[in-house]
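Descriptive structure summary
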Number of protein chains: 2
Amino acid sequence: MKAFPLLVALALAGCVGNDLRIAEQGSFAVGGTVTRAPGEFDFARPTRPDGRTLHGDHAAVSYQIPAHAKATPLAFLPGYGQTSRCWDTTPDGREGWRTTFLRRGWSVYLVDQPRRGAAGRTATVATPSAVPDDQLWLENFRIHAGAFPEGDAAMDQFLRWMTPDTGPIDGTLVADSLVALTKRIGPTVLFTHSQGGIFGWAVPGRGGKVAAIVAIEPGAFPFPEGEVPAPIPNSSPFTPTRPVTLAPDAFDALCRVPILVLFGDGIAAAPSATDWPGDGWRARLAQGRQFVACAKRHGGDVTLTHLPEVGIRGNTHFPFADTNSEAVADYVAAWLRAKGLD
Amino acid sequence: MKAFPLLVALALAGCVGNDLRIAEQGSFAVGGTVTRAPGEFDFARPTRPDGRTLHGDHAAVSYQIPAHAKATPLAFLPGYGQTSRCWDTTPDGREGWRTTFLRRGWSVYLVDQPRRGAAGRTATVATPSAVPDDQLWLENFRIHAGAFPEGDAAMDQFLRWMTPDTGPIDGTLVADSLVALTKRIGPTVLFTHSQGGIFGWAVPGRGGKVAAIVAIEPGAFPFPEGEVPAPIPNSSPFTPTRPVTLAPDAFDALCRVPILVLFGDGIAAAPSATDWPGDGWRARLAQGRQFVACAKRHGGDVTLTHLPEVGIRGNTHFPFADTNSEAVADYVAAWLRAKGLD
């Protein structure tokens, strides 16, 4: 009986402690190209280019599988200029959604898209920019909204998430790397953010095994050929928010996937001359409602949630980074549960 | 008493299972610069460059702290063209040294150096290369050695670890980011590989809190001004293996740190006209022995191990990626224990 209290303590420490229990973790590349220089490679003269290869244009995936993992893995694709780091922490150093969803029992796969971050090896070069433009992005990302972490240190950390591309952004390469990932790991819930959302819409139609899509403020919405609406005018200085055109069968494949779309706060209800940082997002939110209507005509299962309407307030373009990131995760987890993906 | 067997099972599952127990994980930036464009930023006209900033030139650090962590953290700096991924897995998908050392109870910090990988945001641009050169690196890295994982899939994964720089490689920036890291997390065992080794030697002299250095096939060795030997001639087509010159006080600071240097297999004992891929490493190993002698004159505690001499055979330039990576980790862990860093 002396062992009893010790065993109780050990069982508590092992089973209900706050530690993450990870069964497996690591990294791998998916997708990509192989380029071969003309000629024959000569092992005695390896500095000559003849016949040498370049393995590039892949995605790099960092993964963790928790103990007793749920059946359906989650994959996270970031937006323009971002890497896996945006899911791995918050600007103020709290747990990122990687860890948030691991704690809830899902396997998590973080994707660096081809030609960025850990997947920088590219077959086609683009020169990175070093133009100071932090404030341009802060405005476009609506970082002035109330739920962004306070303080200079958090702002400094957030600005150091941005990473330039080593080659041209190629949405087909990105989508096909996700197709390859889902074929490797099985039906996947695909989380996309911002520009990543644009690429994510194509994945089901290109043969990806997609169990659901959670699109966080996607940069544009998809429509089938023949039903593509005009871009919605807005005062943003960025590229107009042109809809994505999908072939009818690709749109139908997308409509067989449950979809949750989230928009944060600080988005004007109507356009004005002065509110441009939010105005691109007003246009995208309106385009999102057009998409919901179109997808429903095609039998789709789409939920579009403007977070303030469900009482989650103050979110920037990065709801998973804001101080209420756990509340937003709760909302997403409840939707996944409702779709039988828990 | 009915609860007793259940508690035994729970305690076993919780405490002696094969799962990793992670108390905390995440990511942060350290070091770096802030560049500010001339003029005043105007919130109403954010597309104008005036007064905008660029936060860049930092290192990006991905960390995991296990439950019941040992006191001294380990930080890992990769070599030329590599990111954290080289520590996060092996080419054949086994656990990388990140997980190997986490399982042994150390906190692990993986560093992407300024201007590469997750730390790609740079204040000074360099255009990445897209020249096919896989075979050049395979030869220089002695990947033909016997312990490299077999098969095309492992080779494909390995070649997809390489990632170009977004800006010029700046050893001082790299060293200072490590100084900032060690000031943040306390006295650290610094693992360096290849070119990363060159930058690591400067960290103690620049104020870094370094508990020990484990240098795996460093690209060059340091000497104090006035005692720098001539480069050792060799037939490698790469940059000559010039020694690193440190100021006398920086060399003395380094000599107060226990140092373990590892070299793998496939390195010729004497030069020949045909063995160039290994010949640069022959020269570096010889320079390493010069460094050991010099450091000992200055009171240093340096162990240089040519792995075949302790019965660990077949290693390439990446011993932590080879099939015997766990045996090499055992050797390093024993050395850390001997230095009181367990």
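Keep in mind the model is a prediction, meaning the values are calculated, not measured.

1. Considering the overall build of chain A
When its secondary structure is counted, chain A shows ten helices and ten strands. Compactness check: chain A gives a C-alpha radius of gyration of 22 Å against a globular reference of 20 Å for 342 residues, within 12% of the reference. With the C-alpha coordinates of chain A rotated into their principal frame, the extents come out at 75 × 65 × 45 Å. Taking all contacts inside chain A whose residues are at least 6 apart in sequence as the whole, residues at least 24 apart take part in 76%. Side chains of chain A give 31 positive and 33 negative charges; the mean places of these two sets differ by 6 Å.

2. Quick notes on the relation of the copies chain A and chain B
Once chain A has been moved 0.0 Å along the axis and rotated by 180°, it coincides with chain B to within an RMSD of 0.0 Å. In symmetry terms, the pair is related by a two-fold rotation axis. Of all interface residues in chain A, 100% are interface residues in chain B too; the two copies therefore contact each other through one and the same surface.

3. Points about the pattern of salt bridges
Residues and elements named next belong to chain A. Per the counting criterion, the structure on display carries 40 salt bridges over all chains. One salt bridge in this structure joins Arg 103 and Glu 95, with 2.6 Å as the shortest N-O distance. Arg 103 gets classed as partly exposed once you look at its relative accessible area, which sits at 31%. With relative accessibility at 23%, the residue Glu 95 sits in the partly exposed group. Shared partners join several salt bridges into a network, and the residues in it are Lys 70, Arg 337 and Asp 342.

4. Concerning the pairing of strand E6 (residues 210-216) of chain B
All names here are of chain B. With seven of seven residues buried, E6 is to be regarded as a mostly interior element. Handedness of the crossover joining strand E5 (residues 188-193) and E6 through helix H7 (residues 195-200) is recorded here as right-handed. Direction of pairing for E6 relative to strand E9 (residues 259-263): parallel, over a ladder of four bridges. Each bridged residue has a counterpart across the sheet, and for Ile 213 the counterpart in E9 is Ile 259.

5. What about the interface of chain A and chain B?
Facing the 80 residues of chain A at the interface are 81 residues of chain B. Roughly 6,700 Å² of surface becomes buried between chain A and chain B when both sides are summed, with 55% attributable to carbon and sulfur atoms. Per-residue buried area on chain A facing chain B is highest for Gln25(A), Arg121(A) and Arg160(A); these three make up 11% of the total on that side. On the surface where chain A and chain B come into contact, there are four salt bridges. Joining chain A to chain B, the criterion identifies 37 residue pairs in polar contact (both at pLDDT 80 or more). Of all elements in the fold, only helix H1 (3-15), strand E1 (20-36), strand E2 (53-66), helix H2 (85-88), helix H3 (97-103), helix H4 (134-140) and helix H5 (152-159) of chain A reach the threshold of two or more residues within the side of chain A that touches chain B. Broken down by element, the residue count for the side of chain A that touches chain B peaks at 14 residues, all from E1(A).

6. Section: the packing of aromatic side chains
Residue and element names in this part refer to chain B. One pass over the full model with this rule turns up 52 aromatic pairs over all chains. When the ring of Phe 251 is compared with that of Phe 291, the centres are 6.3 Å apart and the planes differ by 90°; the resulting orientation is edge-to-face. Here Phe 291 lies in helix H9 (residues 276-297) and Phe 251 lies in helix H8 (residues 248-255), a separation of 40 residues in the sequence. Look at Phe 251 and you get buried, because its relative accessible area is 0%. Over the face of the ring belonging to Phe 101 we find Arg 104, whose NZ or CZ atom lies 6.0 Å from the ring centre. Over the face of the ring belonging to Phe 28 we find Arg 184, whose NZ or CZ atom lies 3.6 Å from the ring centre.

7. A short note on the pairing of strand E10 (residues 302-306) of chain B
All names here are of chain B. In terms of burial, E10 is largely enclosed, as four of its five residues are buried. Bridge count between E9 and E10: five bridges; the pairing is parallel. Each bridged residue has a counterpart across the sheet, and for Phe 263 the counterpart in E10 is His 306.

8. Topic: helix H10 (residues 325-338) of chain A
All names here are of chain A. Taking 1.5 Å as the rise per residue, H10 with 14 residues should run 20 Å; its terminal C-alpha atoms sit 20 Å apart, in good agreement. Buried residues belonging to H10 abut strand E3 (74-77), H3, strand E5 (188-193), strand E6 (210-216), strand E9 (259-263) and strand E10 (302-306). Gly 340 sits one or two residues past H10 and shows a positive phi near 75°.

9. Overview of the nonpolar core
In this structure, Trp97(A), Phe101(A), Phe191(A), Leu336(A), Trp97(B), Phe101(B) and Phe191(B) are the most contacted members of the largest nonpolar core, which totals 82 residues. Not counting residues within four places of it along the chain, the set of residues in contact with Phe101(B) comprises Leu74(B), Phe76(B), Trp106(B), Val108(B), Phe191(B), Ala329(B), Val332(B) and Ala333(B).

10. Examining unusual backbone geometry
For Arg115(A), which is not glycine, the phi dihedral falls at a positive 75°. On the basis of relative accessibility, which here comes to 6%, the residue Arg115(A) falls in the buried class. The backbone of His68(B) sits at a positive phi, close to 55°, despite the residue not being glycine. As for its placement among the helices and strands, His68(B) is situated in the loop between strand E2 (53-66) and strand E3 (74-77).

11. Quick look at the confidence of the model for chain A
Residue and element names in this part refer to chain A. Taken residue by residue, chain A gives an average pLDDT of 93. The fraction at 70 or more is 93%. Here residues 12-16 is a poorly scored stretch, pLDDT under 50, and it has eight contacts once near neighbours within four places are set aside; other chains count. Our summary of model confidence lists the complex with pTM equal to 0.95 and ipTM equal to 0.94.

12. Description of the side chain of Thr192(A)
Inspection of the secondary structure assignment puts Thr192(A) in strand E5. Those residues within four positions of Thr192(A) in sequence are excluded, and the remaining contacts are Leu77(A), Gly197(A), Gly200(A), Val214(A), Ala215(A) and Ile216(A).

13. As for the side chain of Thr166(A)
Inspection of the secondary structure puts Thr166(A) in the loop between H5 and helix H6 (171-185). Since its relative accessible area comes to 3%, Thr166(A) is described here as buried. A polar side-chain atom of Thr166(A) sits 2.6 Å from the main-chain carbonyl oxygen of Gly120(A). For Thr166(A), the contacting residues outside a window of four places in its chain are Arg115(A), Arg116(A), Gly120(A), Thr122(A), Thr124(A), Val125(A), Ala126(A), Pro128(B), Pro164(B) and Thr166(B).

The rules we used
- Residues numbered from 1 in each chain as written.
- Chains lettered and ligands numbered in written order.
- Predicted model: local features only at pLDDT ≥ 70, side-chain atom pairs only at ≥ 80, totals over all residues.
- Heavy atoms only, no water.
- Helix = DSSP H or I, 4+ residues; strand = E, 2+ residues; numbered from the N terminus.
- Rg over C-alpha atoms; globule rule 2.2 N^0.38 Å.
- Contact = heavy atoms within 4.5 Å.
- Lys, Arg positive; Asp, Glu negative; His and termini not counted.
- Charge placed at Lys NZ, Arg CZ, Asp CG, Glu CD.
- Least-squares fit on C-alpha atoms with pLDDT ≥ 70 in both.
- Salt bridge = Lys/Arg side-chain N within 4 Å of Asp/Glu carboxyl O.
- Buried < 20%, exposed > 50% of the residue type's maximum accessible area, 1.4 Å probe, protein only.
- Right-handed = clockwise from strand over helix to strand, strands pointing away.
- Pairing = 2+ DSSP bridges.
- Buried area = accessible area lost by both parts, 1.4 Å probe.
- Polar contact = N/O pair within 3.5 Å; in protein donor to acceptor, adjacent residues only side chain to side chain.
- Phe/Tyr/Trp six-rings, centres within 6.5 Å; stacked < 30°, edge-to-face > 60°.
- Lys NZ or Arg CZ within 6 Å of the ring centre and 35° of its normal.
- Expected span 1.5 Å × (residues − 1).
- Core = buried A, V, L, I, M, F, W, Y, C linked by side-chain atoms within 4.5 Å.
- pLDDT = per-residue confidence, 0-100.

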